[in-house]
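What follows is each chain in one-letter form.
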Amino acid sequence: MSFRLHRPTPFFLRLVTILLLAVAILLPPTSGASNIPPKSPDYPQGVSSINPGSDLWREVRQRDGLIVDGISQVKGVETGVLINVRGDQWARFRINEVTKTVSYALVGVFGILVLVFVLRGKVGIKGGRSGRVVRRFTDYERIVHWTLTIVFLFLAITGLILLLGRPLLLPLFGKEVFALFASASKEGHNLFGPLFLVSLLMMLFSFTRHNIYEKGDLGWLLKLGGLIGDGHPSVGFFNMGEKFWYWIVILIGLVVSISGLILVSPNFGQGRVIMEISHLVHVIGALVLMLGSLGHMYMGTIGIEGALQGMTSGYVDTNWADAHHDRWSRECQQKGLTLSADEFARLRGETPAADAEVAAQERAK
Amino acid sequence: MARMKFYCDAERCIECNACVTACKNEHDIPWGVNRRRVVTIKDGEQGERSLSVACMHCSDAPCAAVCPVDIFYTTSDGIVLHDKDLCIGCGYCFYACPFGAPQFPEEAAFSSRGKMDKCTFCAGGPEDDNSSEEYKKYGRNRIAEGKLPLCAEMCSTHALLAGDADVLSDIYRKRVINRGASAFDWGVNFDKAKL
Amino acid sequence: MIEYLIDGPLWHLSLAVFGIGVVWKLGSIVFASRRQDLSVARAAAGPAAFKTVFSRFIPHKEISSQIVIPLVAGYMFHLGLFALLFFAVPHVSFLEQNLLGFGWTPMPHWAFIVSAQLAFLGLIILWLRRMTNPVSRLISTLDDHVVAILTFVVMLTGCFALLEGATALRLLHRFTVELWLIYFPFSALMHTFTFIPSRAFTGAWFGRRGIDA
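Along every chain, residues carry numbers that run from 1 in the direction the sequence is written. Lettering of chains starts at A and numbering of ligands starts at 1, both following the order in which they are written. Only residues with pLDDT of at least 70 are given local features in this predicted model, and only at 80 or more are side-chain atom pairs given and counted; all residues enter the totals for whole chains, interfaces and linings. Hydrogens are left out, water is left out, and the side-chain values use all remaining heavy atoms of the structure.

Draft legend 1. Region of interest: the sheet that holds strand β3 (residues 315-317) of chain A. At least two bridges found by DSSP between two strands is the condition for calling them paired. Labels follow the DSSP assignment, with helices taken as runs of H or I lasting at least four residues and strands as runs of E lasting at least two, numbered in each case from the N terminus. In spatial order, the strands read β3-β2-β4 (chain A); together these three strands make up an open sheet with antiparallel pairing. Single-partner strands in this sheet number two, and they are β3 and β4 (338-339) of chain A.

So this is what it looks like as structure tokens:
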């Protein structure tokens, strides 16, 4: 089976298409096609079908989307159902629309980020680094964040192998080798799924206090964080963009987790349609998370100078704090929670500049 | 080349389940896996019909299209077979198949579903014809012996037909004519039927 | 060829290195010469040593609030791993066929899944704690990190081979296990056995002076 990708449609059109198609698949059609002939002057009460066979097979064919439940001596999930029309629709939708949309969305957003970096560059710290640092994230918060990161990246990669492996990787590696990757990915993905839910809950209980709406957040949003108007609007611990991202992670992450749990536990006898809907919800939710993560990873590493340090060491430069989170920085200064550059270096196990000088002088003697 | 298909004549099927039993016995199919099943519609009402359903060996099979590992292949006879060695047990073919033909041996949560099993039209799998590995994994290979699937051979009323599509449609056409069926009555017309 | 090597000579080599290495290293600790303890013996050292091996499973309440994360994650990981290693269905069969000749009842499938989740999450949190806590980070050596990552890789390859279909995945898991066994006696993994003489020594040392350590 060959996968010919036609000329790419604009991203937003694809997104709208996928959303509309998802709605179309999820909602059963309401029209009921009936072959009963319309009323005519000769037969004012209407003519009923005199061929019972056609009624029967119309029901079996299920063009109306309602599943006819027959009886079978073989007991199992939906063994009484003769035809499930949704199955083929779901399969074609997954192979055609979903794979293409996911591929183009990921590549597109990655491309946009490259473009943003080329045009805007790394946002430096106004006034340069001061050397003094202030405590931003506790050990537990960092552990929670990086646990979620590791689990999410593993799930994203294994999930993408399962979704896009056949068109992209199978031609490269051949069926036998790719089947190994796919089997490993499926087992890994299934096992790490609940870890994502647990990490999400850990994050929910540790980061929520920083992500409640504060006065001034709407103002930040209206100025788009400083893109509109002049200067950086006033910000607390997290700005509105970060808060948005946090709640998207939590809410869509929960949706993805729950749909994943439905998919991975067939022992509750759920029918194929529930599985198909869960699968689509899972993929669309995961796509949103992956796209957001790309942006998040960009901002946290090469997009903003001095940001990554906060999540790795737990401390950020005071000038960075003043520039990006001024209200919180002022609170920390008032409480005296800053460290000097030497103290910070000692904490990290590096020789502070002052000590290095002394050591050099001692050696010179 | 032949294009192999199943056809179940709903007028003749008496729901005896001989096809189900024959298939299960011939291929040594484990507990819980059922390659073929008989479905009865309008049970107990007028117009009750039964149909024997297994893999329909579709020309454009949804299972083959959706499989993430591409384990399905169609033989030159139009029989859709699959390679159990490559199967990862994801279950997508079961979701996609309109007839629910793919079956899985395991059903626990978080577990792999095991290797997918389905009707092979008694044509085995990618292993060597009539070898013991082929029998262990896919069951008997009757097509390689020049025989037709056992379910159709065992059908007590010749409701289930299996073979080349042209031959099958010819047989069925003759039956329809003999029954005196018409566009207004697809069933047996006992006045006109030449039985 | 690779299958023969991994199932055969390399397996025997790894068992030999593991067995001889552990005995050698433990022996070198237990039989090391110690300077004579000149303090006044106020109580018996022996019973105190025995008691301390078990009492240290629960941290002292003075520090317990500081080490909640390694405590919880540590137990999650170790208990999960123990359950997986000795009571998972493929492992019980393996031990019966390849090593011991006898088996025992493995745990049900849901227990296997729960153990696996606990083990993975515990290990990830433990290693991240090692990286984020300033003190842990400073005193951690390369060996500490290698041990965490190697154990994670062993567990991950085991997870990959769960379908028990593809030989290559099972061989990969087996191979990482053999690497782990060979690395074991020369690494921090020896804490599996050395925690006993370590706690016993501390218990004896302080118990002799009449202190409950």
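Let's pick the thread back up.
Draft legend 2. Structural context of the side chain of A:Lys186. By secondary structure assignment, the location of A:Lys186 is in helix α5 (residues 175-207). Two residues form a contact once any of their heavy atoms are found within 4.5 Å. With near-sequence residues (within four places) excluded, A:Lys186 lies in contact with A:Leu162, B:Ile88, B:Gly89, B:Cys90 and B:Ser112.

Draft legend 3. Fine view of the side chain of A:Asn84. All names here are of chain A. Mapped onto the elements of the fold, Asn-84 is located in the loop between β1 (71-72) and α3 (85-120). On the basis of relative accessible area, Asn-84 is assigned to the buried category, the value being 1%. Two N or O atoms count as a polar contact when they lie within 3.5 Å, although within protein this holds only if one can serve as hydrogen donor and the other as acceptor, and sequence-adjacent residues are included solely when both atoms are side-chain atoms. A polar contact is formed between the side chain of Asn-84 and the backbone nitrogen of Arg-86, at a distance of 3.2 Å. In this scheme, a residue with accessible area under 20% of its type's maximum is buried, one over 50% is exposed, and one in between is partly exposed, where area comes from a 1.4 Å probe on protein chains only.

Draft legend 4. Representation of the pattern of salt bridges. Just to be clear on terms, a salt bridge is a Lys or Arg side-chain nitrogen sitting within 4 Å of an Asp or Glu carboxyl oxygen. One pass over the structure, following the stated rule, counts 35 salt bridges over all chains. For A:Arg327, the salt bridge is made with A:Glu214, and the minimal N-O distance between the two is 3.5 Å. One end of the pair, A:Arg327, is in helix α11 (residues 326-335); the other, A:Glu214, is in the loop between α5 and α6 (217-222), and 113 residues separate them in sequence. A relative accessible area of 24% means that A:Arg327 is categorised as partly exposed. Assessed through its relative accessible area of 33%, A:Glu214 is described here as partly exposed. Connected via shared salt-bridge partners are C:Glu3, C:Asp7, C:Arg170, C:Arg174 and C:Glu178.

Draft legend 5. Up close: empty space enclosed by the protein. With a 1 Å grid laid over protein atoms only, a set of points is called a cavity when a 1.4 Å probe fits there but cannot get out and a pocket when it is open yet has protein on both sides within 12 Å along at least five of seven lines; lining residues have an atom within 4 Å of a point. Grid points are joined across faces, edges and corners, and a volume is the space filled by probe spheres set on the points. Here the structure, examined in full by the defined rule, presents seven cavities of 30 Å³ or more. Quantified by volume, the largest cavity comes out at close to 780 Å³. As for the largest cavity, its lining consists of 36 residues, of which A:Leu162, A:His189, A:Asn190, A:Leu263 and A:His282 are closest to the centre. At the level of secondary structure, the elements contributing two or more residues to the lining of the largest cavity comprise α3, α4 (139-173), α5, α7 (240-264) and α8 (272-303) of chain A together with α3 (92-96) of chain B. In this classification, Asp, Glu, Lys and Arg are treated as charged, Ala, Val, Leu, Ile, Met, Phe, Trp, Tyr, Cys and Pro as nonpolar, and every other residue, Gly included, as polar. Partitioning the lining of the largest cavity into residue classes produces 23 nonpolar, 10 polar and three charged.

Draft legend 6. Examining the packing of aromatic side chains more closely. When two rings of Phe, Tyr or Trp (its six-membered ring) have centres within 6.5 Å they constitute a pair, described as stacked for plane angles under 30 degrees, edge-to-face for angles over 60, and tilted for the intermediate range. If you walk through the whole model with that rule in mind, you get 32 aromatic pairs over all chains. Residues A:Phe192 and C:Phe120 carry aromatic rings whose centres are separated by 4.8 Å and whose planes lie at 55° to one another, so their mutual orientation is tilted. Of this pair, A:Phe192 sits in helix α5 while C:Phe120 sits in helix α6 (residues 109-132), each in a different chain. Like C:Phe120, A:Phe192 is buried. Aromatic rings pair up to connect A:Phe137, A:Phe207, A:Phe237, A:Phe238 and A:Trp328 into one cluster. Just above the ring of C:Phe57 sits the side chain of C:Arg199; from NZ or CZ to the centre is 4.4 Å. When the NZ atom of lysine or the CZ atom of arginine is within 6 Å of a ring's centre and also within 35 degrees of its normal, the charge is said to sit over that ring.

Draft legend 7. Main features of the interface of chain A and chain B. On the side of chain B, 50 residues touch chain A, which itself brings 53 residues to the contact. Once two parts are joined, some of their accessible surface, as seen by a 1.4 Å probe, is lost; buried area is that loss totalled over both. Among the residues of chain A in contact with chain B, A:Leu82, A:Arg166 and A:Arg272 are the three that bury the most area, contributing 15% of the side total. Here chain A and chain B share three salt bridges between them. In this structure, B:Asp70 engages A:Arg166 in a salt bridge whose closest nitrogen and oxygen atoms are separated by 3.2 Å. Elements with a minimum of two residues in the side of chain A that touches chain B: α2 (52-61), β1, α3, α4, α5, α7 and α8 of chain A. For the side of chain A that touches chain B, the element with the most residues is α5(A), which contributes 10 residues. In the side of chain A that touches chain B, the residues fall into 26 nonpolar, 15 polar and 12 charged. Sheet topology note: the β1(A)/strand β2 (residues 37-41) of chain B ladder contains two bridges and is antiparallel.

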